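Structure at a glance
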Amino acid sequence: MSKLAFLNVATTRRSLLEYSGKIGVGTALLSTLGSLPFSKKALAQEVSAHTEPQFKHSACLVNCGSRCALRVRVENDRIVQVEPEIPLNENELGTHQIRPCLRGRSNRFRVYNPDRLKYPMKRVGKRGEGKFERISWDEATKYIADELVRIREKYGNESIYYQYATGAYYHTQGRPAWQRLLNLAGGYLQYFNSYSTAQITTATPYTYGLYEASMFTQVAHSDLVVLFGLNLSETRMSGGGQVEELRRSLEKSHAKVIVIDPRYTDSAIVEHAEWIPIRPTADAALVAGLVHTMIKEDLVDDETVDRYAVGYTQASLPASAKPNAGYKDYVLGKGPDGVEKTAQWASNITGIPVTRIIQLAREIASAKAAYICQGWGPQRHGNGEQTARAIQILPIIANQFGRLGTNNGNWPQGENYKVPYMPTGTNPVQVKIPVYTWTDAIAHPEIITPKTHHLQGAEKLNHGIKMIINQAGNVLANQHGELNRTRAILEDDTLCETIVVIDNHMTATAKFADILLPETTYLEASDLVGNSYATGAHQYMISMENTITPMWECRSTYDVCADIARHLGVEEAFTLGRTQAQWVEYHYEQVRKERPHLPPFAKVRGTGVVEQFISPNSEVPVMNEFYADPKAHPLTTPSGKVEIYSAALQELQDSWILPEGDKIAAIPEFLVVPDTPWDTELAKKFPLQLCGFHTKGHAHSTYASVAVLQEAVPNQVWINPIDAMARGIHNNDLVKVYNDRGTVMIEAKVTHRVLPGVASMPEGAWSVVKNGVDIGGCINSITSHRITPLAKGNPQHTNLVEIARA
Ligand SMILES: Nc1nc2c(c(=O)[nH]1)N[C@H]1C(S)=C(S)[C@@H](COP(=O)(O)OP(=O)(O)OC[C@H]3O[C@@H](n4cnc5c(=O)[nH]c(N)nc54)[C@H](O)[C@@H]3O)O[C@H]1N2
Ligand SMILES: Nc1nc2c(c(=O)[nH]1)N[C@H]1C(S)=C(S)[C@@H](COP(=O)(O)OP(=O)(O)OC[C@H]3O[C@@H](n4cnc5c(=O)[nH]c(N)nc54)[C@H](O)[C@@H]3O)O[C@H]1N2
Ligand code: SF4
Ligand SMILES: [Mo]
């Protein structure tokens, strides 16, 4: 019970305050008195059992790219409040506080949520039905050990799959512990790529070689900032992360900010940006239209572009390329399609007015220093590889890179404080599938080959996936695409025979477990962690200690994996004789070898932020040496230059087997893909483009069951008033969003913040299916499992739907 709620009880307030004030426990007492009215006797017992309020130190380990330290107020072994930590080194860093967002602050409600898993359980009903019975930890760990042996003997280790899962970035439990265990048990089928960045990660080497970008600190020297689908104010909200870095830099430069996004995002609002609404999947068309304008207005210098890039002009094309295969010819209509990519052409596709495209081309080309970057929304599409590469080449053609205040079109980089993870050892199985293909690896392993699915390390899969370990993930039945299909595959327990799920909550995925294990939440766990990947130049290390006694039978997966290792006869190899606490200390001592000024572990254990600082590398713009002298400092591409035309991509187009209509283009041209308005037959049936986004209300499905967050940030489908009116839909109406893959029931938000013809829905709502309809509002009941041409990645933002009042 909260302090406030208690203070509302006027009758007893005064006397209690006096009483508690005398013995110095004040607010501590208030919060423990759960049930009123209470007798004097009960009060006396409460008081005598009471201890001083304490502040303990934890962290939010969710996958938002930040890693906020949490100062947790604990009374009587109960969490009372979660607060931000006080920043270290206040003088040196100003007020650089690793301030948690609304989700981190709501952790008390996540820990004490009624949907918490309490005991190990075994499935009793049909797979997916969600019926379980309680078993002991010994039964559970023995069962898992036996299944690992059975599956590997019957099908081989390649049939054991460690599922993609991002719910908790522990260093000494969770993922590294499981992977260490599985490697000792003979290995497991691996995945490559992620749900986050498959398309941009795969496409980038073809443009630049290694992934690199300027940090947001460069914006301090910019006069123009262009954010393509980058929504920091919702996705990178930590006071210790990118949003803060951008804000501080903008305070110095006062650069103009332009946000290109189908939605008028929180970032556009917070940064006083100009919003240029764009149709989803259309960014490569915008780039072509911008370059066309730059050419027509004599704003591109061919010689300069050729100095740094291959494949813009015909003269710079590699020998293997067909004539007129270059980007300039594509833009001018001299390429194979014969279409000139005028501003008008780009306007028709993107929905952006012609005059705005022309003006934007002028602004970018004439800026003193333009910082051009992209989020990951634009690439989580059917043509995401093209989009990512198109945005990457824009600053090269516009000569806005390599200098102070510029970037190379990439997502801004960050740096990590290097805190070791528990070593996982070597996986004896070196077969890898693209992460988005795991449902096919269960149901149709025979179709997965190097040429069709980019299978790595083998020519084929022998048996497909027969056992899944799913630790801190909700991909199985919430975060993967086309859930109706996915669920049907999982329900058939003759396909994948064993599913182990380890979570804190009874999620959609948990319901598909054969064995379901309860892990401690972040606030019940002890570990040593570093900053995450979206904190820019800000680096730090946090020593977290369980703030309360782990509840019920929840355990750390380090101990769980050690038990399984014992059943498998590899306990000593797994633990190396260390407890988890000893691993944590061992990791700290490894850090201390590099950073000898740090105090001994006993001094910092469980104290929260141990050290924080700003990386000196933040002052250097990306590719600056290459810009100064491209011959002396070549890139890591085959040509050593930026590859606007990639011969390697052309080779894949010529040698891979792609479904009808798919294309791996050598230049970042605009490609029409299925489930977009240019897929005209389907668009007749489903006329609205539905694009997902990551909401501040939750981090994927984590925190999505927290009631206060649901109140503050409800899951709603955004629809423009023009589209709403045509369908008789009013604000807050319950609507059905549907296509051939499924139906989602959700509330409508009728708003000018999304452009006509486009609807937008947060991803991560908890899937709840009733009579074939997802009444939980989970977008993945209507997204597609079709893989993208190059990355074999997830096009989860590319969907056509119709919306109707429910
Ligand atoms: N609060 C919160 N923060 C998170 C997460 C979360 O779930 N919640 N998830 C975390 C994780 S794991 C990741 S991977 C990142 C995800 O970060 P992103 O992938 O960058 O996030 P999205 O919201 O998918 O997309 C960013 C923006 O791109 C826009 N967009 C979508 N399609 C297009 C397009 O075709 N063109 C253009 N120009 N814009 C487009 C969307 O409307 C959105 O505003 O965020 C991380 N941070
Ligand atoms: N349609 C659509 N789908 C998407 C996306 C999209 O943009 N659109 N985004 C994709 C992206 S970028 C990503 S990264 C994935 C994310 O997908 P997931 O990695 O599955 O992320 P979550 O849904 O947050 O699931 C994390 C789970 O971990 C659990 N968890 C949290 N803390 C702990 C802990 O301490 N221990 C244990 N054992 N469990 C814990 C949570 O309860 C939750 O069930 O989703 C992808 N799916
Ligand atoms: S969700 Fe991200 S920004 Fe929010 S508290 Fe957790 S780590 Fe920090
Ligand atoms: Mo992600």
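Just so you know, these numbers come straight off a predicted model, no measurement behind them.

Close contacts around ligand 1 come from 34 residues, with Thr235, Asp261, Asp283, His698 and His700 the closest. Measuring from a nitrogen atom of ligand 1, one finds a backbone N or O atom of Thr695 at 2.9 Å. His797 is positioned such that a nitrogen or oxygen atom in its side chain is 2.8 Å from an oxygen atom of ligand 1. For ligand 1, whose accessible area on its own is 900 Å², the fraction buried by protein is 99%. Sort the elements by how many residues they give to the shell around ligand 1 and strand β21 (residues 688-694) lands first, with three residues. For the shell around ligand 1, the class distribution of residues is ten nonpolar, 15 polar and nine charged.

What follows concerns the environment of Arg108. Position of Arg108 among the secondary structure elements: in helix α7 (residues 107-111). Between the alpha carbons of Arg108 and Ser222 there is a distance of 41 Å; along the sequence they are 114 residues apart. Polar contacts involving the side chain of Arg108 include one to the main-chain carbonyl oxygen of Val80, which spans 3.0 Å.

With that settled, consider the sheet that holds strand β5 (residues 132-134). An order of β5-β4-β16-β15-β14-β6 is seen for the six strands of this open sheet, with the pairing classed as mixed. Only two strands of the sheet have a single neighbouring strand rather than two, namely β5 and β6 (160-162). Neighbour-to-neighbour, the strand axes of the sheet open up by a mean angle of 20 degrees, direction not taken into account. Relative to strand β14 (residues 467-471), β6 is paired through three bridges, and the arrangement is parallel. Bridging across to β14, Ile160 finds its partner in Met467. This element, helix α8 (residues 137-155), spans β4 (121-123), β6, β14, β15 (498-503) and β16 (515-518) of the sheet and lies at about 135 degrees to β16.

What follows deals with the pattern of salt bridges. Note on pairing: side chains with opposite charge can pair once their charged atoms come close. Taken as a whole and judged by the stated rule, the model has 38 salt bridges. A salt bridge links Arg247 to Glu271, with the shortest nitrogen-to-oxygen separation between them at 2.7 Å. Taken together, the residues Arg247 in helix α12 (residues 242-253) and Glu271 in the loop between α13 (266-270) and β10 (274-276) connect sequence positions 24 residues apart. By relative accessible area, Glu271 is classed as buried at 6%. Each of Arg123, Arg127, Asp493 and Asp514 takes part in one network of salt bridges that share partners.

This part takes up the site of ligand 2. Around ligand 2, the surrounding shell holds 36 residues, and the nearest of these are Tyr170, Asn474, Asp503, Ser701 and Thr702. For ligand 2, an oxygen atom lies 2.6 Å from a polar atom in the backbone of Asn474. Here an oxygen atom of ligand 2 and a backbone polar atom of Thr520 are 3.3 Å apart. The protein chains hide 99% of the 920 Å² of surface that ligand 2 would expose on its own. Broken down by secondary-structure element, the contributors of at least two residues to the shell around ligand 2 are α22 (475-479) and β15.

Here we take up the nonpolar core. Counting residues in hydrophobic clusters, the biggest one holds 61 residues, and the most contacted among them are Tyr327 and Ile364. Here this core takes nine residues from helix α14 (residues 283-296), the largest share from any one element. Among all residues touching Tyr327, those that are not within four sequence positions of it are Ala284, Val287, Ala288, Val291, Gly311, Tyr312, Ile393, Ile397, Ile644, Ile667 and Pro668. One finds Met121, Tyr164, Ile433 and Ala441 within the second-largest nonpolar core, a separate group that totals 36 residues.

Quick look at the pairing of strand β12 (residues 370-374) now. β12 sits mainly inside the fold: five of its five residues count as buried. The alternating pattern of β12 places Ala370, Ile372 and Gln374 and Tyr371 and Cys373 on opposite faces, both of which are buried. The sheet contact formed by strand β8 (residues 224-228) and β12 spans five bridges and is parallel. Paired with Val226 across the bridge in β12 is Ile372.

The terminal C-alpha atoms of α8 lie 27 Å apart, and with 19 residues this matches the ideal 27 Å at 1.5 Å per residue to within 8%. Turning to α8, its buried residues number three or more, namely Trp137, Ala140, Thr141, Ile144, Ala145, Glu147, Leu148, Ile151 and Tyr155. Down the axis of α8, the sector holding all buried residues measures 160 degrees, keeping them to one side. Counted as exposed and oriented over 90 degrees from the buried face of α8: Glu153 and Lys154. In this structure, the buried side of α8 is in contact with β6, α9 (175-184), β14, β15, β16 and α24 (557-568).

A few words on the environment of Lys154. Tracing the chain through its elements places Lys154 in helix α8. Judged by relative accessible area, which is 52%, Lys154 ranks as exposed. Setting aside anything within four residues of it in sequence, one finds Lys154 in contact with His463 and Glu497. A distance of 3.2 Å separates a polar atom in the side chain of Lys154 from a polar atom in the side chain of Tyr155.

This next bit is on the side chain of Thr197. If you trace the backbone, Thr197 turns up in the loop between β7 (190-192) and α10 (198-208). For Thr197, the residues in contact, after removing those within four places along its chain, are Trp376 and Gln379.

Next up on the list: the confidence of the model for the protein. This prediction gives the protein a mean pLDDT of 93; 93% of its residues lie at or above 70. Overall, residues 1-40 carries pLDDT values under 50, and its contacts beyond four positions in sequence, including any with other chains, amount to 51 contacts.

At their nearest, the axes of α14 and helix α18 (residues 354-366) sit 9 Å apart, and the two run at 70 degrees to each other. Judged on the interaxial angle alone, α18 and α14 are roughly perpendicular. On α18, the residues touching Leu286, Gly289, Leu290, Thr293 and Met294 of α14 are Ile357, Ile358, Leu360, Ala361, Ile364 and Ala365. Taken together, the residues of the contact of α14 with α18 sort by class into nine nonpolar, two polar and no charged.

Conventions used here
Residues numbered from 1 in each chain as written. Chains lettered and ligands numbered in written order. Predicted model: local features only at pLDDT ≥ 70, side-chain atom pairs only at ≥ 80, totals over all residues. Heavy atoms only, no water. Near = heavy atom within 4 Å. Polar contact = N/O pair within 3.5 Å; in protein donor to acceptor, adjacent residues only side chain to side chain. Areas by Shrake-Rupley, 256 points an atom, 1.4 Å probe, with all protein chains shown as cover. Helix = DSSP H or I, 4+ residues; strand = E, 2+ residues; numbered from the N terminus. Nonpolar A, V, L, I, M, F, W, Y, C, P; charged D, E, K, R; others polar. Pairing = 2+ DSSP bridges. Axes fitted to C-alpha atoms, helices over the stretch in contact; angles between N-to-C directions. Contact = heavy atoms within 4.5 Å. Salt bridge = Lys/Arg side-chain N within 4 Å of Asp/Glu carboxyl O. Buried < 20%, exposed > 50% of the residue type's maximum accessible area, 1.4 Å probe, protein only. Core = buried A, V, L, I, M, F, W, Y, C linked by side-chain atoms within 4.5 Å. Expected span 1.5 Å × (residues − 1). Arc of directions from axis to C-beta. pLDDT = per-residue confidence, 0-100. Parallel < 35°, antiparallel > 145°, perpendicular 65-115°, else oblique.

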